[in-house]
Amino acid sequence: MKRGVLIVLSGPSGVGKGTVRKALFEEPDIDFTYSISMTTRSPRSGEIDGEDYFFVSREIFEQNIQDDNMLEYAEYVGNYYGTPKSFIDQTLASGHDVFLEIDVQGALQVKEKMPEGAYIFLTPPDLEALKARLVGRGTDAPDVIERRVGAATSEIRMMANYDYAVVNDEVALAVRRIKDIVKVERLRVNRVLPEYIEMIEELEK
Ligand SMILES: Nc1ncnc2c1ncn2[C@@H]1O[C@H](COP(=O)(O)OP(=O)(O)OP(=O)(O)O)[C@@H](O)[C@H]1O
Ligand SMILES: Nc1nc2c(ncn2[C@@H]2O[C@H](COP(=O)(O)O)[C@@H](O)[C@H]2O)c(=O)[nH]1
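Residues numbered from 1 in each chain as written. Chains lettered and ligands numbered in written order. Predicted model: local features only at pLDDT ≥ 70, side-chain atom pairs only at ≥ 80, totals over all residues.

## So, the site of ligand 2
For step 1, the next point in the chain: Near ligand 2 lie 15 residues; those nearest to it are Ser37, Tyr81, Ile102, Asp103 and Gly106.
For step 2, the next point in the chain: Elements with a minimum of two residues in the shell around ligand 2: β5 (70-76), β6 (79-84), β7 (98-102) and α4 (104-113).
For step 3, the next point in the chain: Among the residues making up the shell around ligand 2, the classes are represented as four nonpolar, six polar and five charged.
For step 4, the next point in the chain: When residues are assigned to domains, the shell around ligand 2 turns out to be shared by domain 1 (1-32 + 97-205) and domain 2 (36-95), each giving three or more. (Near = placed C-beta within 6 Å. Helix = DSSP H or I, 4+ residues; strand = E, 2+ residues; numbered from the N terminus. Nonpolar A, V, L, I, M, F, W, Y, C, P; charged D, E, K, R; others polar. Domains from an automatic or database assignment.)

This is the structure we're talking about:
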């Protein structure tokens, strides 16, 4: 049976990870399973618990760390964010591709543990565009935006630790670049593109 591919999309806050991920998931030939993160941040207007994030208290998050339930976690601009572990293991083992959208600290922790994934750094055309996107999104107070842009400068330096860098100049172009990367990754994991596996098995009968 084919094994699922782990795809980790990371990059500074506001670069467009969520926007690109949503556009990617709408592609007819894409069937990724999204890993829902856990966070102590308060929900933004319109965000749904169990869909956008699992929103929990600091106590519950810290209990999950102690119980070794997290594949990775990071403290980012005053809140915890992390990836529940068992979901990732089970989904990959069942042959489904898993998609993580996480910050740079978390992505590098996952890469240490699971180097066989596709680690993609989504980068803005420049820092001005990044700040404009955070301001334009309208979800964060000015001081939080400053902290996020401040964090971005050191995050962008970590780009060299990734397998791939994708510029999010236009969403449709970023989606196409990521789809090409996933094709390469499928070949690396399964040695043959999965759409051919059934055909070969049929011929070998
Ligand atoms: N290619 C693009 N060109 C212009 N604006 C964009 C582009 N991609 C995303 N945006 C806009 O930038 C803002 C931030 O996007 P988004 O929320 O997807 O970023 P993010 O990286 O997921 O942020 P966070 O890490 O904080 O969740 C949104 O208002 C979105 O519409
Ligand atoms: N290390 C992790 N980072 C995560 C995870 N889920 C989301 N994130 C990243 O946190 C920042 C802030 O997110 P926001 O929703 O408050 O804007 C952003 O870079 C996210 O990608 C996670 O599970 N682990």
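## Topic: the UniProt feature "binding site: ATP" (unreviewed entry) in the protein chain
For step 1, the next point in the chain: In the numbering used here, UniProt assigns the "binding site: ATP" (unreviewed entry) feature to Gly11, Pro12, Ser13, Gly14, Val15, Gly16, Lys17 and Gly18.
For step 2, the next point in the chain: The residue glycine 11 is located in the loop between β1 (6-10) and α1 (17-25) in this model.
For step 3, the next point in the chain: Take glycine 11: there are 29 C-beta atoms within 10 Å of it, and that puts it in the buried class.
For step 4, the next point in the chain: Summarising the element assignment, glycine 18 is placed in helix α1. (UniProt positions renumbered as here; feature names shortened; annotations may be inferred. Buried ≥ 20, exposed ≤ 12 C-beta atoms within 10 Å, placed from the backbone.)

## What about the site of ligand 1?
For step 1, the next point in the chain: Near ligand 1 lie 13 residues; those nearest to it are Ser13, Gly16, Gly18, Thr19 and Arg133.
For step 2, the next point in the chain: When grouped by side-chain class, the residues that make up the shell around ligand 1 number two nonpolar, seven polar and four charged.

## Thoughts on the domain arrangement of the protein chain
For step 1, the next point in the chain: If you check the domain split of the protein chain, you get domain 1 (1-32 + 97-205) and domain 2 (36-95).
For step 2, the next point in the chain: Spacing between the C-alpha centres of domain 1 and domain 2 amounts to 18 Å.
For step 3, the next point in the chain: Listed by partner, the interface residues are 19 residues for domain 1 and 14 residues for domain 2.
For step 4, the next point in the chain: Put simply, the parts of the chain that give the side of domain 1 that touches domain 2 at least two residues each are β7, α4 and α6 (142-157). (Contact = placed C-beta atoms within 7 Å.)

## Focus on the sheet that holds strand β2 (residues 33-34)
The strands that make up a sheet are held in pairs by hydrogen bonds between backbone atoms, and each pair lies either parallel or antiparallel.
For step 1, the next point in the chain: Overall, parallel pairing links the five strands, which are arranged β2-β7-β1-β8-β9 in an open sheet. Every interior strand has two partners, whereas the edge strands, β2 and β9 (164-167), have only one.
For step 2, the next point in the chain: Strand direction decides the pairing type here: β2 and β7, joined by two bridges, are parallel. The residue of β7 that forms the bridge with tyrosine 34 is phenylalanine 99.
For step 3, the next point in the chain: Against the sheet, α4 makes contact with β1, β7 and β8 (118-123), and its axis sits at roughly 155° relative to β1, the strand it touches most. (Pairing = 2+ DSSP bridges. Axes fitted to C-alpha atoms, helices over the stretch in contact; angles between N-to-C directions.)

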